[in-house]
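Coordinates in review
Each chain, written out:
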Amino acid sequence: MNSQLLDTIIKPINQLNLYGYNKIFNDFKLLYKNNKLPNTILLSGAKGSGKSTFLFHFINFLLSENENLKYLYDNYKINAGNSSFNLVQNGTHSNFFLLDSINSDDIKIDQVRKLIKFVSKTTFYKGIKIVLIDNAENLNINSSNALLKSIEEPNPETFFFIVNNDSYNIPYTLKSRCVNFKVHFTAEEKKSIFKKIVSDYNINYTENDLDRFFLF
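How each quantity is defined
- Residues numbered from 1 in each chain as written.
- Predicted model: local features only at pLDDT ≥ 70, side-chain atom pairs only at ≥ 80, totals over all residues.
- Heavy atoms only, no water.
- Phe/Tyr/Trp six-rings, centres within 6.5 Å; stacked < 30°, edge-to-face > 60°.
- Helix = DSSP H or I, 4+ residues; strand = E, 2+ residues; numbered from the N terminus.
- Buried < 20%, exposed > 50% of the residue type's maximum accessible area, 1.4 Å probe, protein only.
- Lys NZ or Arg CZ within 6 Å of the ring centre and 35° of its normal.
- Pairing = 2+ DSSP bridges.
- Axes fitted to C-alpha atoms, helices over the stretch in contact; angles between N-to-C directions.
- Salt bridge = Lys/Arg side-chain N within 4 Å of Asp/Glu carboxyl O.
- Polar contact = N/O pair within 3.5 Å; in protein donor to acceptor, adjacent residues only side chain to side chain.
- Contact = heavy atoms within 4.5 Å.
- Core = buried A, V, L, I, M, F, W, Y, C linked by side-chain atoms within 4.5 Å.

1. As for the packing of aromatic side chains
All chains considered together, the criterion is met by 20 aromatic pairs. Residues Tyr32 and Phe159 carry aromatic rings whose centres are separated by 6.5 Å and whose planes lie at 70 degrees to one another, so their mutual orientation is edge-to-face. You can see Tyr32 sitting in helix α2 (residues 22-33) and its partner Phe159 sitting in strand β4 (residues 158-165), a full 127 residues away along the chain. Across the pair, exposure class does not vary: Tyr32 and Phe159 are buried alike. An aromatic cluster is present here, built from Tyr21, Phe25, Phe28, Phe54, Phe58, Phe61, Tyr71, Tyr73, Tyr76, Phe161, Phe181 and Phe185 joined pairwise through their rings. The lysine or arginine in question, Lys29, covers the ring of Tyr73, its NZ or CZ lying 3.5 Å from the ring centre.

Printed below as a string of structure tokens:
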């Protein structure tokens with residue numbers, strides 16, 4: 001298998017198809033439609049289980065709700081021609097902010113300061129603002145502390161989605177301010193999801209490829 005190709009395809013921000021998350025998507029959608037979606041959500045589970053991919057899909061569902069070519073909910077699929085999808089991919093969506101470690105093991109405090117500025121400013125498009133914090137275990141003590149006030153007192157129209165890989169700890173002060181949703185797939189479920197991905201994209205694979213991406 002061309003591992004670089006598979007890396008690109010399953011990179012969460014690029015993944016147009018969603019696998020294995022139908023139930024939690026439906027749960028989140030129902031909460032949102034009933035105005036009960038928590039403003040700060042911690043999504044916890046094993047690394048490689050598709051948490052970030054799910055959140056990019058749900059975020060696209062939220063951002064594209066009133067757009068042309070909106071999220072294809074019946075198929076759990078992002079429309080590649082959707083405006084919000086392309087703006088998020090390019091890092092230019094004024095209502096979305098991604099916080100993740102960049103060429104480093106740590107999420108730096110300067111990155112959190114940019115997040116705080118984003119949360120406080122008026123967006124070009126009316127509507128909700130969304131922050132996705134990926135690999136939250138990479139927040140160092142200073143960046144974690146700087147983040148606390150923003151998530152403690154969020155605007156009702158601002159949502160924080162925080163991804164935590166279970167094998168690492170995040171500060172209790174951060175975790176205690178979130179509503180925690182746990183994600184778990186069995187080894188067989190992971191294999192089934194992987195095989196569906198490579199089948200959909202017509203990619204040859206070996207058992208080593210499967211182990212590399214899904215069995216942790």
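2. Points about the sheet that holds strand β5 (residues 179-182)
Reading across from one edge, β2-β3-β4-β1-β5 is the order of the five strands in this open sheet, with parallel pairing throughout. If you trace the sheet from one side to the other, it starts and ends with β2 (96-99) and β5, each paired once. Each neighbouring strand pair of the sheet contributes to a mean axis angle of 20 degrees, computed without reference to strand direction. With four bridges joining them, strand β1 (residues 40-45) and β5 adopt parallel strand pairing. Residue Ile41 lies in a different strand from β5, and its bridge partner there is Val179.

3. Looking at unusual backbone geometry
With a phi angle near 50 degrees, Tyr76 is a residue other than glycine that sits in the positive phi range. Of note, Asn135 is a non-glycine position whose phi angle comes to about 55 degrees, a positive value. Judged by relative accessible area, Asn135 falls into the buried class, the value being 14%.

4. Focus on the pattern of salt bridges
Taken as a whole and judged by the stated rule, the model has five salt bridges. Notably, a salt bridge pairs Lys33 with Glu65, separated by 2.4 Å at the nearest N-O pair. Of this pair, Lys33 sits in helix α2 while Glu65 is found in the loop between α3 (51-63) and α4 (83-90), placing the two residues 32 residues apart along the sequence. The partly exposed category is assigned to Lys33, whose relative accessible area is 44%.

5. What to know about the side chain of Ser49
For Ser49, the location among the structural elements is in the loop between β1 and α3. In terms of polar contacts, Ser49 uses its side chain to reach the backbone carbonyl oxygen of Ala46, at 2.6 Å. Setting aside anything within four residues of it in sequence, one finds Ser49 in contact with Tyr21, Val183 and Phe185.

6. Remarks on the nonpolar core
In terms of nonpolar packing, the biggest core is built from 35 residues, with Phe54, Phe58 and Phe161 touching the most fellow members. Mapped onto this core, the elements with two or more residues apiece are α2, β1, α3, α4, β3 (129-133), β4 and α8 (187-200). Considering each element in turn, this core owes the most residues, eight residues, to α3. In this structure Phe58 touches Phe25, Phe28, Lys29, Tyr32, Leu37 and Phe161, once residues within four positions along its chain are discounted. Counting 20 residues, the second largest nonpolar core, distinct from the first, contains Leu99, Val112, Ile133 and Ile151.

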